[in-house]
Amino acid sequence: MTLTITTTPTSDAGRPSRTQVAVSRAAGGGRVSVWLDADGPADRPVVRPVLLSSDEHGARVCLVPEGALLLAGDRIEITISVGSGVRLELVEPAGTVAYAMDGDRATWDVAIDLDVDAAVVWAGEPFVVAAGADVTRSTTVRLGVGARAALREIVVLGRHGEASGRLEQHLTATGPGGRPVLSEALEVGPGSSRLLLGGARIVGSVIALGATLPESAPADGTRFDLDEGGTVVRALGVEAHRATLATSWGLAREAVA
Amino acid sequence: MDRPPPSPLLLMLLADARLPTAGHTQSAQLEPATVWGLGVSEVADFIALRLRTVTRVEAATAVVAMHHLRAGLDVAEVEAAWAARTPSPAMRATSRQMARALRRLVCRLWPESPHLAVTGPGASRAVVLAVAADSAGLAPRDLAMLVGYDDVQTVASAALKLLPLDPADVACWVLDALAAVDALATEVAPLTLPSAIPAAGAPQIEAWAESHAVTSRRLFNA
């Protein structure tokens, strides 16, 4: 096993806080190689990747926030790279709250690059957009031939009994050759139409890419099968536990295994 | 050959709901929305939301498709970009079904169009509208206005069948929505790249499209 963890605190403010996770087959066989890195301005939080386990097939990594997240001016960049035939599982120890930003904003950008036959499973915990927060999130997934991804996303608009902050998020997934698979944008905020989310304050999504959920899957949300393969299951809820899509998430994990 | 009709007249022709393109079978998801509980006071909001999201995607797709047709580029890339931005299989199926009816009409109106061959039976409505608009000599902005206006009128006329409304009130909503149609057209008219097509989703409208596709009790096809 190769494991590298580096930290490079610097003071040049304005840089984003960068997190990198890269796993690949080890040249001589055996456990996969794992490269983990977190780096950012000294006065900003970082998301630190922590290795939980690894074997010859893949690794499990926990993304641990260090410092208060997510505040005005924070710029989080997370880059995930999974080598050919390797499986990466990402977990989060807790949800994230984007707090009031007093007119400023924060960004949260994720790029996932999956080589041939690579797989990623990322069980996202709730992302809460508190009143006064202004957040732009982007997720870009590039799938090589035979690559699969299972992503869970739970967006909560406002803490309990609170109005929503402003959220703009983009998800773009492309297949081999850059062919578009899924491209979705959602803009929601305090002035949004009730009809956008049907009055819900929680948007739960299970996204399977490069793999389609079984036909007989029970519907804990609305199911959307994509033209290029892959399934999105979405639940719009008022209570968090009603939008976690436990059944669909289990099936998505199996589908990409 | 006679001079072709001026494009404003052809735009009126294409925007006319009396064309045999099965427009009366569509509610643009207003029917499942009313089943859910959308009230009379929310129809104008529904129209505005569509113009910012799903209809914006369709209008931009049509504009980019017409650019591809006129520039001799592969329209399949535009179809793929549209499909990736239309996660609801019910909405994709409806679009393709509407496209088939429209394509039959375009084959009769403009049989000489060189683009009929490259848009097969699986084409989306936006792409077939682009073929029609190209034959009619429309500008990209006209085509975007056509898509926006048609969506507003689809919701408005369906509203009269679904909700107790005064037709004149509904006409007022259409008039009020024209500024948003104009703004949409201005935004998307310059687009040429499939990747530049906006991806604005409307999760509840997409969910309504799916639930409506499997219900047996409905006035409208979609």
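Not measured: the values here are computed from a predicted model.

1. Description of the overall build of chain B
Inference 1: Each helix and strand in chain B was counted, giving 10 helices and 0 strands.
Inference 2: From first element to last, N terminus to C terminus, chain B shows the α and β order α-α-α-α-α-α-α-α-α-α.
Inference 3: For a compact globule of 222 residues, the expected C-alpha radius of gyration is about 17 Å, and chain B comes in at 17 Å, within 12% of that figure.
Inference 4: If one aligns the C-alpha atoms of chain B with their principal axes, the spans along those axes are about 50 × 35 × 30 Å.
Inference 5: Taking all 222 residues of chain B together, the buried fraction comes to 55%.
Inference 6: Expressed as a percentage of contacts within chain B between residues at least 6 apart in sequence, the contacts between residues at least 24 apart total 79%.

2. Brief notes about the pairing of strand β16 (residues 202–209) of chain A
All names here are of chain A.
Inference 1: For β16, the tally of buried residues reaches 8 of 8 residues, placing the bulk of the element in the interior.
Inference 2: Across the two faces of β16 the burial is the same, with Ile202, Gly204, Val206 and Ala208 and Val203, Ser205, Ile207 and Leu209 all buried.
Inference 3: Sheet analysis places strand β13 (residues 148–157) next to β16, joined by 8 bridges and oriented antiparallel. Across the sheet, Val155 pairs through a bridge with Val203, a residue of β16.
Inference 4: Looking at chain direction, β16 and strand β18 (residues 231–237) are connected through 7 bridges and run antiparallel.

3. Focus on the side chain of B:Ser124
Residue and element names in this part refer to chain B.
Inference 1: Here Ser124 is to be found in the loop between α6 (89–109) and α7 (125–135).
Inference 2: Judged by its relative accessible area of 0%, Ser124 is buried.
Inference 3: In this view, Ser124 contacts Glu79, Trp82, Ser95, Arg96 and Ala99; residues no more than four positions away in its chain are not counted.

4. Quick notes on the pattern of salt bridges
Inference 1: Using the criterion set out here, one finds 26 salt bridges over all chains in the structure.
Inference 2: Of the charged contacts, one joins A:Arg137 and A:Glu153 as a salt bridge, the two residues approaching to 3.6 Å between their closest N and O atoms. With A:Arg137 in strand β12 (residues 134–143) and A:Glu153 in strand β13, this pair connects stretches of sequence that are 16 residues apart.
Inference 3: The class of A:Arg137 is buried, set by a relative accessible area of 11%.
Inference 4: Classification of A:Glu153 by relative accessible area gives buried; the value is 17%.
Inference 5: One salt bridge connects B:Arg92 with A:Asp227, and the closest N-O pair in it is separated by 2.9 Å. Of this pair, B:Arg92 sits in helix α6 while A:Asp227 is found in the loop between β17 (222–225) and β18, placing the two residues in two different chains.
Inference 6: Accessibility expressed as a relative area gives 3% for B:Arg92, which makes it buried.
Inference 7: Classification of A:Asp227 by relative accessible area gives partly exposed; the value is 38%.
Inference 8: Salt bridges here are not isolated pairs; linked through shared partners, they connect A:Arg60, A:Arg87, A:Glu89 and A:Arg253.

5. Digging into unusual backbone geometry
Inference 1: Residues A:Leu69 and A:Leu70 are joined by a peptide bond in cis, for which omega reads -10°.
Inference 2: Within the secondary structure, A:Leu70 sits in the loop between β5 (58–66) and β6 (75–82).
Inference 3: Positive phi, normally seen in glycine, also occurs at A:Asp117, with a value near 60°.
Inference 4: Even without being glycine, B:Ala28 reaches a positive phi, approximately 55°.
Inference 5: By the secondary structure assignment, B:Ala28 is in the loop between α1 (7–15) and α2 (30–36).

6. Some thoughts on the interface of chain B and chain A
Inference 1: Across the contact, 28 residues belong to chain B and 22 residues belong to chain A.
Inference 2: A buried area of about 2,100 Å², summed over both sides, lies between chain B and chain A, and 60% of it is on carbon and sulfur atoms.
Inference 3: When residues of chain B are sorted by the area they lose upon contact with chain A, B:Ala84, B:Pro87 and B:Pro203 head the list and together hold 25% of the total.
Inference 4: For the pair chain B and chain A, the number of links is 3 salt bridges.
Inference 5: With a closest N to O distance of 2.6 Å, A:Asp227 and B:Arg96 form a salt bridge.
Inference 6: Viewed at the interface, chain A and chain B are joined by 9 residue pairs in polar contact (both at pLDDT 80 or more).
Inference 7: Within the residue set of the side of chain B that touches chain A, elements represented by two or more residues are α3 (43–52), α5 (76–84), α6 and α10 (203–213) of chain B.

7. Remarks on the nonpolar core
Inference 1: A:Leu88, A:Leu114 and A:Leu209 are the most contacted members of the largest nonpolar core, which has 128 residues in total.
Inference 2: Sort the elements by how many residues they give to this core and helix α4 (residues 54–71) of chain B lands first, with 10 residues.
Inference 3: The contacts of A:Leu88, once residues within four sequence positions are left out, are A:Val21, A:Val23, A:Ala59, A:Val61, A:Ile80, A:Val82, A:Ala119, A:Val120 and A:Val121.
Inference 4: Listed in part, the 22 residues of the second largest apolar core include A:Val156, A:Ala208, A:Leu251 and A:Val256.

8. With respect to the packing of α3(B) against α4(B)
Residues and elements named next belong to chain B.
Inference 1: Interhelical geometry of α3 versus α4 gives an angle of 40° and a closest axis separation of 3 Å. The angle between the axes of α3 and α4 places the two elements in the oblique class. Each of Arg50, Leu51 and Arg52 in α3 lies in contact with α4, whose residues at this interface are Val54, Thr55 and Arg56.
Inference 2: For the contact of α3 with α4, the residue count by class is 2 nonpolar, 1 polar and 3 charged.

9. Observations regarding α7(B)
All names here are of chain B.
Inference 1: By the criterion of burial, α7 is predominantly enclosed, with 10 of the 11 residues buried.
Inference 2: For α7, the complete set of buried residues consists of Arg125, Ala126, Val127, Val128, Leu129, Ala130, Val131, Ala132, Ala133 and Asp134.
Inference 3: For α7, the secondary structure elements touched by its buried residues are α1, α4, α5, α6 and α8 (140–162).
Inference 4: Just past α7, the residue Gly137 takes up positive phi, approximately 70°.

Cut-offs used in this document
- Residues numbered from 1 in each chain as written.
- Chains lettered and ligands numbered in written order.
- Predicted model: local features only at pLDDT ≥ 70, side-chain atom pairs only at ≥ 80, totals over all residues.
- Heavy atoms only, no water.
- Helix = DSSP H or I, 4+ residues; strand = E, 2+ residues; numbered from the N terminus.
- Rg over C-alpha atoms; globule rule 2.2 N^0.38 Å.
- Buried < 20%, exposed > 50% of the residue type's maximum accessible area, 1.4 Å probe, protein only.
- Contact = heavy atoms within 4.5 Å.
- Pairing = 2+ DSSP bridges.
- Salt bridge = Lys/Arg side-chain N within 4 Å of Asp/Glu carboxyl O.
- Buried area = accessible area lost by both parts, 1.4 Å probe.
- Polar contact = N/O pair within 3.5 Å; in protein donor to acceptor, adjacent residues only side chain to side chain.
- Core = buried A, V, L, I, M, F, W, Y, C linked by side-chain atoms within 4.5 Å.
- Axes fitted to C-alpha atoms, helices over the stretch in contact; angles between N-to-C directions.
- Parallel < 35°, antiparallel > 145°, perpendicular 65-115°, else oblique.
- Nonpolar A, V, L, I, M, F, W, Y, C, P; charged D, E, K, R; others polar.

Read these as layout, nothing more, since geometry by itself doesn't imply function.
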